[in-house]
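# Commentary on secondary and tertiary structure
What follows is each chain in one-letter form.
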Amino acid sequence: MAKILVCDDDKEIVEAIDIYLTQEGYEVLKAYDGEEALRVLKTQKADLLVLDVMMPKLDGIRATLKIREQNNMPIIILSAKSEDADKILGLNVGADDYVTKPFNPLELVARVKSQLRRYTQLGSTADHTDQEVYVAGGLMINDDLKEVTVDGEPVKLTPIEYNILLLLVKNQGKVFSIDQIYENIWNENAIGVDNTVAVHIRHIREKIEINPKDPRYLKVVWGVGYKVEKFSS
C-alpha cells in the first residue's frame, strides 16, 4: 500500500483528497504547512507528496527545495495560480507535476497513479541475467538497475527525468518533438506542453552535462525537438 503525504493549509481540501485516495487503497499522511510536511517525512516514509504552493511558515516551493536535497519521490504541486510562470517555478524546483486549483479530484487521483507507476518502475530492479545497458559516449544507463552515470560518476534523476533521458538514449540520433516526448512519457495528449518538457530537459542537462549551455549529449534541433547525440563505437 503506497503512502501519500498530502500537505495543504486548507483542511477541507486535505480531507477531500484523503477521501478519494483512501477509496483507491492508498494510505494518507497529512500535514498543513511545509514545516509540518518536513517533520512527517523525518519519521515516516512517503511514496508521493501532494503539496500546496501557498502555505504559512514554509511554502510549497521552499519545502520542495528542501525535500529534493534528500528525496527523489514524486511531488505533485497544487496551485491556485494558473499562469505558466507559476507552473514552471514548481517544475524548476523539482516538482514532477502540477494540478491547478480548483481541480477535479479524479484527475488528481489519475496523476497520483501515473507518478507512482513511474516511480515504482524506476525503483524496481528487473530480474534479468543480461542487464539492459545503453551507452552514448561517457553517458551510460543501466535500465535494469535504473542507474545513470556520466564518465563513471552516478547521476541522480527524478522518475520523469530518467524516463525522458532513457527514451532519447534508446533512440540515439533520432529527433523527438516536444509533443512526442510528452506523449511517450506522460501517456497523455500533448496540448500546450512546451514549457513542461523544456524545464525537465534543462534539469537533465544540468545533471549530465559539464556545460549545459554547450551540451555534449542532449542536443536541441531548433524548430524540431531534442535528441541524444549518437556516438561512434
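Residues numbered from 1 in each chain as written. Predicted model: local features only at pLDDT ≥ 70, side-chain atom pairs only at ≥ 80, totals over all residues. Heavy atoms only, no water.

### Details of the environment of Val53
- Its place among the elements puts Val53 in the loop between strand E3 (48–52) and helix H3 (60–68).
- Val53 sits in the buried class, given a relative accessible area of 14%.
- When the C-alpha atoms of Val53 and Asp86 are compared, they prove to be 9.3 Å apart, with 33 residues separating the residues in sequence.
- Among residues more than four places away in sequence, those in contact with Val53 are Asp59, Gly60, Ile61, Ile77, Leu78 and Ser79. (Helix = DSSP H or I, 4+ residues; strand = E, 2+ residues; numbered from the N terminus. Buried < 20%, exposed > 50% of the residue type's maximum accessible area, 1.4 Å probe, protein only. Contact = heavy atoms within 4.5 Å.)

### Observations concerning the packing of helix H2 (residues 34–43) against H3
- The interhelical angle for the contact between H2 and H3, taken along N-to-C directions, is 20 degrees, at an axis separation of 9 Å. The orientation of H2 relative to H3 falls into the category roughly parallel. At the point where H2 passes H3, the crossing takes the right-handed sense. Residues Gly34, Leu38 and Leu41 of H2 lie in contact with H3, whose contacting residues are Ala63, Lys66 and Ile67. (Axes fitted to C-alpha atoms, helices over the stretch in contact; angles between N-to-C directions. Parallel < 35°, antiparallel > 145°, perpendicular 65-115°, else oblique. Left-handed = near helix turned anticlockwise from the far one by under 90°.)

### A few points about the sheet that holds strand E9 (residues 153–155)
- Strands sit in the order E6-E7-E8-E9 across an open sheet of four strands; the sheet is antiparallel. Among the strands making up the open sheet, the edge pair consists of strand E6 (133–136) and E9. Pairs of neighbouring strands in the sheet enclose a mean axial angle of 25 degrees, with direction left out of account.
- Looking at chain direction, E6 and strand E7 (residues 139–142) are connected through four bridges and run antiparallel. (Pairing = 2+ DSSP bridges.)

### A word on the pairing of E7
- Hairpin geometry of E6 and E7 is characterised by an intervening segment of two residues between the two adjacent antiparallel strands and by a positive phi of about 60 degrees at Gly137.
- The pairing of E7 with strand E8 (residues 147–150) spans four bridges and is antiparallel. Directly across from Met140, in E8, lies its bridge partner Thr149.
- Between E7 and E8, which pair antiparallel in sequence order, lie four residues; one of them, Lys146, sits at a positive phi of approximately 55 degrees.

### Regarding the nonpolar core
- Grouped together as the largest cluster of nonpolar side chains are 32 residues, with contacts concentrated most on Leu139, Val148, Ile164, Leu165 and Ile208.
- Taken together, the elements giving at least two residues each to this core come down to E6, E7, E8, helix H6 (159–170), helix H7 (178–186), helix H8 (194–208) and strand E11 (225–228).
- The element that contributes the greatest number of residues to this core is H6, accounting for eight residues.
- Dropping the residues within four chain positions of it, Leu165 is found in contact with Leu139, Ile141, Val148, Leu157, Ile204, Ile208 and Val228.
- Of all hydrophobic cores here, the second largest spans 21 residues; its members include Cys7, Ala31, Ile61 and Met73. (Core = buried A, V, L, I, M, F, W, Y, C linked by side-chain atoms within 4.5 Å.)

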